[in-house]
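Working through the structure, step by step
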Amino acid sequence: MRPRTSRPATIRGFASKCLSIGIILALVAVLCIGQLISIQLLNGKSTAEAATASRTLPVKISAKRGDILDANGTVLAQSVERYSIIGDPEASQGFRPTTCSAATRGNCHEIDGKPVGTTGAAAVARLLAPVLGMDAMELGAKLSVPGRYAVLKKDVTPEVKRRIDALNLGGYVYAELSSDRLYSNGTTIGSLLGGVDANGMGVAGLEQMQNKVLTGTDGYKVYQQGGGGEEIPGTVTESKPAVDGGNVQLTIDGDVDWYVKKVLAEGKQQYQADWALAVVQDVQSGQILAMDDTDEIQAGSGDAKMNVARVVKETFEPGSIGKAFSVAGMLQSGGHQLTDRFTVPDHIDKNGQVFHDATTHGDEHWTLAGILQESSNVGMVMAGAGYDSQERHEFLSKFGIGQNSGLGLPGESTGSLSDYQNWDGRTKDTVLFGQGYSVNALQLSNAVATIGNKGVRQQQSIIKSIMDADGHRSEPAKPAPTRVLDEQVAAQTLNAMESSADHYSRFAGVDGYRIAAKSGTAEVPGADGKLSSIISDWSGIIPADNPRFVITVVMKDPSVGGFGGLTAGPVFKRIGEFLMQKYQVPTSAPRTDAIAVQW
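One structure accompanies this document, and this report is about it. Small disclaimer: the values here were computed from a predicted structure and weren't measured. (Residues numbered from 1 in each chain as written. Predicted model: local features only at pLDDT ≥ 70, side-chain atom pairs only at ≥ 80, totals over all residues. Heavy atoms only, no water.)

**Details of the pairing of strand 14 (residues 341-344)**
- Side chains of strand 14 alternate between two faces, with Phe342 and Val344 buried and Arg341 and Thr343 left unburied.
- Of the strand pairs in this sheet, strand 14 and strand 17 (residues 364-367) are connected by four bridges, and their pairing is antiparallel. Counted as the bridge partner of Arg341 is Thr367 from strand 17. (Buried < 20%, exposed > 50% of the residue type's maximum accessible area, 1.4 Å probe, protein only. Helix = DSSP H or I, 4+ residues; strand = E, 2+ residues; numbered from the N terminus. Pairing = 2+ DSSP bridges.)

Here's what the structure looks like:
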């Protein structure tokens, strides 16, 4: 027989358990109330501040990069407003479209008036795809990864950004302001303009040269943001406006440069040259109106960022154009007059070095002016007897040979002019006719311009003015001009160069205008490292009676024509005709002061 359990003992055990549970629940309640009191009364302010701080963020205000303009005010390079569209994958995966109804109209989701038909990242992708012009599956994949940040598309226009704003996807998709650099002139001065990197910093050409001016200073704004990153009105606590970059206006006349590039391309094809380049310079101011070549490189492209413009980097022996500088030096040093008489054979042996003219001829009776006109190497060596090596080097240096142009262009080659004490027995005479030193087209143009500018060498310029974000315009400082030749000597040299240009008037003459010019042809190293290539060049002043412009044209290995006067000269002619018409230059007065070239 089992013993009977006492009922009072069972009741007391149950009551004890209930009391214990009650005490525990009471303690939990007290703790909760205490925490609530702490949050609401004691730490309420700090908690609210923390919540505010979590949604109060500084936002960068990007400065706009300045424009590059040509001399006419035409924009060559500009930054335009663009956006990167950013998705929040984690939020998108929990997206639930809102069905459109009378109550939700204006804040709902549908595609072509129909329900989205799915949820999550796939739904966000379906809504976005038509606006971004992308595949919905591709977008869905980008939004289906871990994390809170995914770049969906870059370089989106403001119009597309506004259409995305109308999709009611705040908190899932938003736009970050960026910019895109646009260039308007195709391949015209493409390499010269250069380009910018992914951060909008200039890395080549004028973009690099003027990067400090063109780059603005970013600002910022601190405000509270809503769930979609939007600004909550009235919550701005601190801000600093962005300062846009300055605008740079060039001396380059876009119309002239476009025509120069066109004529160079046609000349390259006509004469089957490897390449051609040209410079147009204002004689009196030193401003560069055009400088281009036949390379087809788009500004802002990878090639433009990696390659220096050929017209800037290419160096060459000027050939017979250099005779003009030697004649000017001889006149300035007092060693000769243009009327001095010489009996010139077609070759000469000087100290064991044999020099030849380009053509075979008997003894010719030429004045110094005639030697320049006939471009006689032998005549120059003979005339150089009273013009020593130190003087030869001095005047080439004064003309800027072998020196940087001062334009500040990245990658510019300076050419070379070695010290006269290092000249060997042949070089000391070849420098008289433009061999034994090298130049670029900018140096050559300014040296010829010095003769046209009454013997005064101007600092070349390619920057016309700079305008800051407040509209203040300034012009870059320029070094003082340098006198190289007496005015009378410059006029005499110009006169002799006019006779030289008359020699090629059939090919390089411009109807109605007098020209002072010199052609050149020089052997240069080819791809094999030997003197197997030819440079044909021409540099001339137009009009000769009232110098306005210098035009220099250079060609590499023309297969047709050969001599500079027959290849580069005709290209000069076409550019000269264009300049005279564009700038409405009065026609020349008849020439009445030609110096005798024969005796």
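**Observations concerning the pattern of salt bridges**
- Inspection of every chain in the model, using the stated rule, returns 20 salt bridges.
- Here Lys64 makes a salt bridge to Asp67, at a shortest N to O gap of 3.3 Å.
- When its relative accessible area of 34% is taken as the criterion, Lys64 is described as partly exposed.
- In this structure, the salt-bridge partner of Glu498 is Arg514, at a minimum N-O distance of 2.6 Å. With Glu498 in helix 19 (residues 487-502) and Arg514 in the loop between helix 20 (505-508) and strand 23 (516-524), this pair connects stretches of sequence that are 16 residues apart.
- For Glu498, a relative accessible area of 4% corresponds to the buried category. (Salt bridge = Lys/Arg side-chain N within 4 Å of Asp/Glu carboxyl O.)

**Looking at the state of the cysteines**
- Scanning the entire structure with this criterion turns up one disulfide.
- In this model, Cys100 is linked to Cys108 through a disulfide, with the two sulfur atoms separated by 2.0 Å. Sign of the S-S torsion, about 95 degrees for the bond between Cys100 and Cys108, identifies this disulfide as right-handed. Like Cys108, Cys100 is buried. (Disulfide = S-S within 2.5 Å.)

**Side note on helix 10 (residues 254-270)**
- Taking 1.5 Å as the rise per residue, helix 10 with 17 residues should run 24 Å; its terminal C-alpha atoms sit 24 Å apart, in good agreement.
- Buried within helix 10 are the following residues: Gly254, Val256, Asp257, Tyr259, Val260, Lys261, Val263, Leu264 and Gly267.
- Tucked into the core, helix 10 has its buried residues touching strand 11 (275-282), strand 12 (288-293), strand 25 (549-556) and helix 21 (564-582).
- Just downstream of helix 10 lies Gln272, where phi reads positive at about 55 degrees. (Expected span 1.5 Å × (residues − 1). Contact = heavy atoms within 4.5 Å.)

**A look at empty space enclosed by the protein**
- For the structure on display, the rule yields two cavities of 30 Å³ or more.
- Roughly 90 Å³ of volume is contained in the largest cavity.
- For the largest cavity, the lining is made up of 14 residues, of which Gly190, Ser191, Asp292, Asp293 and Ala309 are closest to its centre.
- Estimates place the volume of the second largest cavity at around 40 Å³.
- Of all the elements in the fold, those that place two or more residues in the lining of the second largest cavity are helix 13 (322-333) and helix 16 (389-398).
- Here the element with the most residues in the lining of the second largest cavity is helix 16; it accounts for three residues.
- Residues that form the lining of the second largest cavity fall into these classes: seven nonpolar, one polar and one charged. (1 Å grid on protein atoms, 1.4 Å probe; cavity = no way out; pocket = protein on both sides within 12 Å on 5 of 7 lines; lining within 4 Å. Points joined across faces, edges and corners; volume = space filled by probe spheres on them. Nonpolar A, V, L, I, M, F, W, Y, C, P; charged D, E, K, R; others polar.)

**Digging into helix 21**
- The terminal C-alpha atoms of helix 21 lie 26 Å apart, and with 19 residues this matches the ideal 27 Å at 1.5 Å per residue to within 8%.
- Of all the bends in helix 21, the greatest, near 25 degrees, is centred on Pro570.
- Within helix 21, burial applies to Gly564, Gly565, Thr567, Ala568, Gly569, Pro570, Val571, Phe572, Ile575, Gly576, Leu579 and Met580.
- Looking at the buried positions of helix 21, the neighbouring elements they touch are helix 10, strand 11, helix 20, strand 23, strand 24 (533-542) and strand 25.
- Residue Gln584 follows helix 21 closely and has a positive phi angle near 50 degrees. (Bend = angle between axes of the 7 residues up to and from the residue.)

**Some thoughts on the nonpolar core**
- Membership of the largest hydrophobic core comes to 81 residues, with the highest contact counts inside it found for Met291, Phe325, Leu368, Phe399 and Leu485.
- Looking at this core, the element that brings in the most residues is helix 18 (residues 441-452), giving seven residues.
- Residue contacts for Met291: discarding those within four places in its chain leaves Ile189, Leu192, Ile252, Asp257, Ala278, Val279, Val311, Val312, Leu409, Leu442 and Ile462.
- Membership of the second largest hydrophobic core comes to 32 residues, among which are Tyr271, Tyr504, Ile542 and Ala568. (Core = buried A, V, L, I, M, F, W, Y, C linked by side-chain atoms within 4.5 Å.)

**Some points on the packing of aromatic side chains**
- In total, this model carries nine aromatic pairs according to the counting rule given.
- Relative to Phe578, the ring of Tyr259 lies with its centre 4.3 Å away and its plane at 10 degrees, an arrangement referred to as stacked. Taken as a pair, Tyr259 in helix 10 and Phe578 in helix 21 lie far apart in primary sequence, 319 residues in all.
- An aromatic cluster is built from Trp258, Tyr259 and Phe578, whose rings are joined through pairwise contacts. (Phe/Tyr/Trp six-rings, centres within 6.5 Å; stacked < 30°, edge-to-face > 60°.)

**Looking at the sheet that holds strand 12**
- Spatial strand order, 12-11-25-24-23: five strands in an open sheet with antiparallel pairing. Single-partner strands in this sheet number two, and they are strand 12 and strand 23. On average, each strand axis in the sheet is inclined to that of its neighbour by 10 degrees, with strand direction left out of account.
- In terms of strand pairing, strand 11 meets strand 12 through five bridges, oriented antiparallel. Looking across to strand 12, one finds that Val279 is bridged to Met291.
- This element, helix 10, spans strand 11, strand 12 and strand 25 of the sheet and lies at about 35 degrees to strand 12. (Axes fitted to C-alpha atoms, helices over the stretch in contact; angles between N-to-C directions.)

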